[in-house]
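# What the coordinates show
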Amino acid sequence: MGTWLARRLIAAVAIVFAVVTLTFFLMHLGPASPIVPSAEQPLDPDVVARLRQQFGTDQALSVQYVRYLTQLAHGNLAVSFSQRRPVAAALADAIPNTIVLAGAALLVDFGLGLLLGVVMAARARSRLDAGLGNATLFLRSVPTFWLALIVILVFGERLHWFPVGGTIDIVRHHSFSFLGRIADRLWHLALPALTLGVVGAAGTARFQRNATLDALSADYVRTARAKGVTERRIVAVHALRNALLPAITLFGLALPFLLTGAVLIETVFAWPGMGKLAADAIFSRDYPVVLACALAASVMVVAGNLAADVLYAVADPRIRITERDRA
Amino acid sequence: MRRALLPLAALCLLATGARRPADCSGDYCGTLVFAAGGQPDILLPPVSVSALSRDIHDQIFLKLADIGMTLNTVGDRGFVPVLAKRWEWRDSLTLVFHLDPRAHWQDGPPVTAGDVAFTFQAYTDPQVNSSSAPILAHIASVTARDSLTAVFRFRDRYPEMFYDAVYHMRILPAHLLASVPRDHWMSADFGRAPVGDGPYRFVTWTPEYLELAADSTFFLGRPHIRRLLWRFTPNFDVAITQLIADQADALETLGPPPNVPRVQAAKQLALYRYSGTNYAFLQFNLTANGDTTRPHPILSDRQVRRAITMAVDRVKLCQSVWGDLAKAPPGPMPQAWWIWNVGTTPLPYDTTEAARLLTADGWVDSDGDGIRDKGGVKLSLHLATPTSSGSRHRYALLIQGQLKSLGVDIQIDEVDPVTFNQRLLAGLFDAALPAWNTDPTPSSSFAQRWTRAGWGRFNYGRYANPNLERLLGQATLSAADPQSAARAWRAVLDTLNQDAPGVWLFAPDNVAVVHNRVAAVTIRPDSWWALVWTWRIPPDRLLDRDRTER
């Protein structure tokens, strides 16, 4: 297990390095360079030239790349062109918000997805199964940003049930008690997390339905039925436990989905997380921030997949035996 | 079912019952939330380049005097005393400001003439790299005669000396900034938590919002509205949604007309119309697309430019896209500029004359494909427009349609805003649809945009005419009185219109939105929120959120 984990860690570092390198060069291959003043609010070109000098973007690409890697090795993510502060500070502000949103969405994704999947499998080929199947297919098919806009329009703009954006009530949050602040945060989290989570849950449900159906047709389930175990217990205990194994893999794959989805959701809901930070940085050609976001996202995705692999190995002894045999 | 509703009920209970009682009442309560499309870059005026930062600087840092509602920039007529309680001319090149002794920094010390001198040094220091430095080049020195007297010495005499002395510089606290190395100002910690001398003091800046609080000891009068917050939104549409959902109270402009009825439907919002300081035009590149050393094969020809200009129905386009929210300008200018009414006349809309000009110039459709050509060159142009502007996208399509009937082929290149700006700067376009936000005066930017001095800078099309440059010099530097200045500016604009380096498309009126509980709303066209400290919310209109203490 130790050797296996070490190998996976080395591969993870290599992947992160490749992502950073690719992002660095792809950005510079783009059609515009950083610190281009807005045409609406032009800046004197001499001022722009000095800004480029100050930020070091006037140097050769190879020099910039080596300098960036050196800074990175020292834990320095450089200074943001647009925010005029260390990128690490901008990331430190944004990452917790993204983790909260992605975490909540993950809860909705798997909580709702697993539940619906099991219900659909338990009532396979019934009207309920067909109805839920169509609903999940619809939700899986709609673009996340479109769903977000509809949700904002209905629940925010028309009904005023939920705020249309932000993580807190910026006017009153600090006047709330501790519990009030938690409630305020949950109230603001509801729409973005549900929007992001429900789309994922639709996919998880369909996946879980098939996994549960496979488990329900296994020999041990037939044996349990023959022994007189109730159908509810068969589904909840015997089938679900085994059908959960593939869901662990799905969990690892859900992270990239949530992070990419978060770019859109955070933008639409004005959620100040990493997705919004990255989107703003891309549009303003704020290279250090884009690179840092790519770095942070790749670390999170690689770590998520690594965690899923470890969980899988822990949950399924066959994996560990195979790996030990290989070692 | 009942069990399932329990968490929801608990949440509602928390949300409603866990709030401390609101306790502010009277004339000095109130919270105003501005919806902002984006974040400020830094709150240190000399190094900031964002418009949002300027809005916030208006509340924190004072100028010596500020421009009046008429936006007059000639002489000192209409200027309002702020840090300086009075001023006088010692001679034709020396301006003396007497500071208000009541003015103080928010951390205690008084504002002194030493701060004024320090500010000028900082703004003009190449290490600070202020975008205002080129505009301040007319000022030779600023010195402190005593702690309350600042002396400005100019290099030359011109009509907008006073405007240049006061408009571009916000006075900075020397006692806090003198120790910060000048080459570190662009990312100085001070810029994330500034200390100023204005009506509001800095409270906090998070990735989601920025908050200021009224300085109850402000020497010009205590601001009525106690808290100002800027809620950062990723784009304009989200900002409008926040207004409609009552999560924000104000937005400086609604942009294109379709937003107006959408906002009007929200009963809590009031609209305020004011002259815009921006305009857009069809810019012709007089040098070859991508090679600024060669003339453009089509657009370097004055006759072709004039023909295209006369084939564009500017008034109809403006009505079609903007309704009554914009006007087709008589020159490259916003409605807020005083030269709007000097009496120049742009080339008329006349498609017959346009066709005659092209034919006379040798541009005919020789192969019957509907596009004119001359010497094997098709009369075909690439028109660049940014993806961020819906109104300019519509203009591009309409212009394409109008010019097609003249036998001019227009290929539209929609590119993202950064690429668009880069193309303009590099001359990588045939024609483009830029829009400009401007200062209150044409003087500071006109030369950069329409003379040889602006080549490689803001004169993207590299237009130049020595006669125009001479006339511009007369208008900006030697006009002795408003009448002669108006005459000189008319001559400048007439020359420009005859040369047709661009087609002046639209100059919008801005429509601001402010929550209808706010009274005494005054919006200055050049700096929307500059007078917020004079606004108020009457006690009987206060909402729960207005009374909330932080």
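Within any chain, residue numbers begin from 1 and follow the written order of that chain's sequence. Each chain is given a letter, starting from A, and each ligand a number, starting from 1, according to the order in which they appear as written. Local features in this predicted model are restricted to residues whose pLDDT is 70 or higher, and side-chain atom pairs enter the listing and the counts only when it is 80 or higher, whereas totals over whole chains, interfaces and linings include all residues.

Along chain B, the regular secondary structure elements total 16 helices and 23 strands. Radius of gyration (C-alpha) of chain B: 26 Å, near the 24 Å computed for a compact globule of 550 residues. C-alpha atoms of chain B, sized along the principal axes, occupy 80 × 80 × 40 Å. Within chain B, the proportion of its 550 residues that are buried is 50%. C-beta atoms are placed from the backbone for every residue, and two residues are taken to be in contact when these atoms lie within 7 Å. Sequence separation of 24 or more characterises 68% of the internal contacts of chain B that already satisfy a separation of 6 or more. Numbering of helices and strands runs from the N terminus; a helix is a DSSP stretch of H or I covering at least four residues, while a strand is a stretch of E covering at least two. Radius of gyration: C-alpha atoms only; globule rule: 2.2 Å multiplied by the number of residues to the exponent 0.38. With C-beta atoms placed from the backbone, a residue counts as buried when 20 or more other C-beta atoms lie within 10 Å of its own, as exposed when 12 or fewer do, and as partly exposed for counts between those limits.

A count of helical and extended segments in chain A gives twelve helices and zero strands. For chain A, the spread of C-alpha atoms along the three principal axes comes to 85 × 60 × 40 Å. Every one of the 327 residues in chain A was classed for burial, and the buried ones make up 41%.

Here the focus is the interface of chain A and chain B. Across the boundary between the two partners, chain A contributes 55 residues, which contact 50 residues of chain B. Among the elements of the structure, helix H2 (45-55), helix H4 (87-122), helix H6 (144-158), helix H7 (178-216), helix H9 (231-268) and helix H10 (274-283) of chain A are those that each provide at least two residues to the side of chain A that touches chain B. In terms of residue count, the dominant contributor to the side of chain A that touches chain B is H7 of chain A (seven residues). Classes in brief: Ala, Val, Leu, Ile, Met, Phe, Trp, Tyr, Cys and Pro nonpolar; Asp, Glu, Lys and Arg charged; the others, Gly included, polar. Taken together, the residues of the side of chain A that touches chain B break down into 27 nonpolar, 16 polar and twelve charged.

Here we take up the packing of H6 of chain A against H7 of chain A. Angle between the axes and distance between the axes: these two values describe a pair of packed helices. All names here are of chain A. Axes here mean lines fitted to C-alpha atoms, for a helix over just the part in contact, with angles spanning 0 to 180 degrees between N-to-C directions. The geometry of H6 relative to H7 is characterised by a closest axis approach of 10 Å and an angle of 140° between their N-to-C directions. Here H6 lies oblique to H7, going by the angle between them. The hand of the H6/H7 crossing is right-handed. The segment H6 lies against H7, with Thr 144, Leu 147, Ala 148, Val 151, Phe 155 and Gly 156 engaging Leu 191, Thr 195, Leu 196 and Val 199. Within the contact of H6 with H7, the residues separate by chemical class into seven nonpolar, three polar and no charged. In what follows, roughly perpendicular refers to angles from 65 to 115 degrees, roughly parallel to angles under 35, roughly antiparallel to angles over 145, and oblique to any angle outside these ranges. The crossing is said to be left-handed when, going from far helix to near helix, the turn is anticlockwise and less than a right angle, and right-handed when the turn is clockwise.

Our focus in this paragraph is the nonpolar core. Counting residues in each nonpolar core, the largest one holds 234 residues, and the members touching the most others are Leu 258 and Cys 293 of chain A together with Leu 505 of chain B. When residues of this core are assigned to their parent elements, the largest contribution, 17 residues, is made by H9 of chain A. When neighbours within four sequence positions are excluded, Cys 293 of chain A is seen to be in contact with Met 274, Leu 277, Ala 278 and Ala 281 of chain A. We define the nonpolar core as any set of buried residues of the types Ala, Val, Leu, Ile, Met, Phe, Trp, Tyr and Cys, connected via C-beta atoms lying within 7 Å of each other.

To continue, consider unusual backbone geometry. Residue and element names in this part refer to chain A. With a phi angle near 65°, Arg 125 is a residue other than glycine that sits in the positive phi range. Structurally, Arg 125 can be placed in the loop between H4 and helix H5 (127-141). Backbone geometry at Ala 270 places phi at a positive 50°, although glycine is not the residue there. Within the fold, Ala 270 resides in the loop between H9 and H10.

With that settled, the discussion passes to the packing of H4 of chain A against H7 of chain A. Residues and elements named next belong to chain A. Running from N to C, H4 and H7 point in directions that differ by 35°, and their axes come no closer than 5 Å. Crossing geometry of H4 relative to H7 is assigned as right-handed. Tallied by class, residues from the contact of H4 with H7 come to 24 nonpolar, seven polar and two charged.

Residues and elements named next belong to chain B. The four strands lie next to each other as E4-E5-E7-E6, forming an open sheet whose pairing is antiparallel. Edge positions in the sheet fall to strand E4 (84-91) and strand E6 (139-146), since each has one partner strand and no second. When the angles between neighbouring strand axes are averaged without regard to direction, this sheet yields 20°. Here, a strand pair is defined by DSSP locating no fewer than two bridges between the strands. Bridging between E6 and strand E7 (residues 149-154) involves six bridges; their strand directions are antiparallel.

Residue and element names in this part refer to chain B. Positionally, Ala 486 belongs in helix H15 (residues 482-499). Given 17 C-beta atoms within 10 Å, Ala 486 falls into the partly exposed group. C-alpha of Ala 486 to C-alpha of Asn 341: the two residues are 145 residues apart in sequence and 8.8 Å apart in space.

Counting along an α-helix, one turn takes 3.6 residues, and residues three or four places apart therefore face a common direction. The length a helix should cover is 1.5 Å for every residue beyond the first. Its 39 residues give H7 of chain A an end-to-end C-alpha distance of only 46 Å, which falls more than 12% under 57 Å, the value for a rise of 1.5 Å per residue. We define the bend at each residue as the angle formed by axes fitted to the 7 residues ending at it and the 7 residues starting at it. For H7 of chain A, the principal kink sits at Ala 190 of chain A and spans about 40°; a proline, Pro 192 of chain A, occurs within the next four residues.

On to the environment of Val 142 of chain B. All names here are of chain B. Along the chain, Val 142 turns up in strand E6. For the pair Val 142 and Val 532, spaced 390 residues apart in the sequence, the C-alpha separation amounts to 30 Å. The residues contacting Val 142, other than those within four sequence positions of it, are Val 116, Ala 117, Phe 120, Ala 150, Val 151 and Phe 152.

What follows deals with helix H13 (residues 443-450) of chain B. All names here are of chain B. Burial analysis of H13 places six of its eight residues in the buried class, which makes it a mostly covered element. For H13, the full list of buried residues reads Ser 443, Ser 444, Phe 446, Ala 447, Arg 449 and Trp 450. Considering only its buried residues, H13 is in contact with helix H14 (466-478) and H15.

So, about the environment of Leu 194 of chain A. Residues and elements named next belong to chain A. By the secondary structure assignment, Leu 194 is in helix H7. Overall, Leu 194 belongs to the buried group, with 20 C-beta atoms counted inside 10 Å. Separated by 46 residues in sequence, Leu 194 and Ala 148 have C-alpha atoms that sit 9.4 Å apart.

The subject of this paragraph is the pairing of strand E23 (residues 502-515) of chain B. Residues and elements named next belong to chain B. Of all 14 residues in E23, twelve are buried, a share of seventy percent or more. Strand direction decides the pairing type here: strand E11 (residues 250-251) and E23, joined by two bridges, are antiparallel. Directly across from Ala 250, in E23, lies its bridge partner Val 514. Strand direction decides the pairing type here: strand E12 (residues 269-275) and E23, joined by seven bridges, are antiparallel. Looking at E23, one finds that Tyr 272 is bridged to Ala 512. Taken together, the four bridges between strand E13 (residues 278-284) and E23 define a ladder with antiparallel strand orientation. Paired with Ala 280 across the strands is Phe 506, a residue of E23. Note: strand E16 (residues 326-327) against E23, two bridges, orientation antiparallel. Bridging across to E23, Lys 327 finds its partner in Ala 507.

It is worth spelling out the pairing of strand E15 (residues 291-295) of chain B at this point. Summarising burial for E15 of chain B: zero of the five residues are buried, a small minority. What sits between strand E14 (residues 287-288) of chain B and E15 of chain B in their antiparallel hairpin is a turn of two residues, with Gly 290 of chain B showing a positive phi close to 90°.

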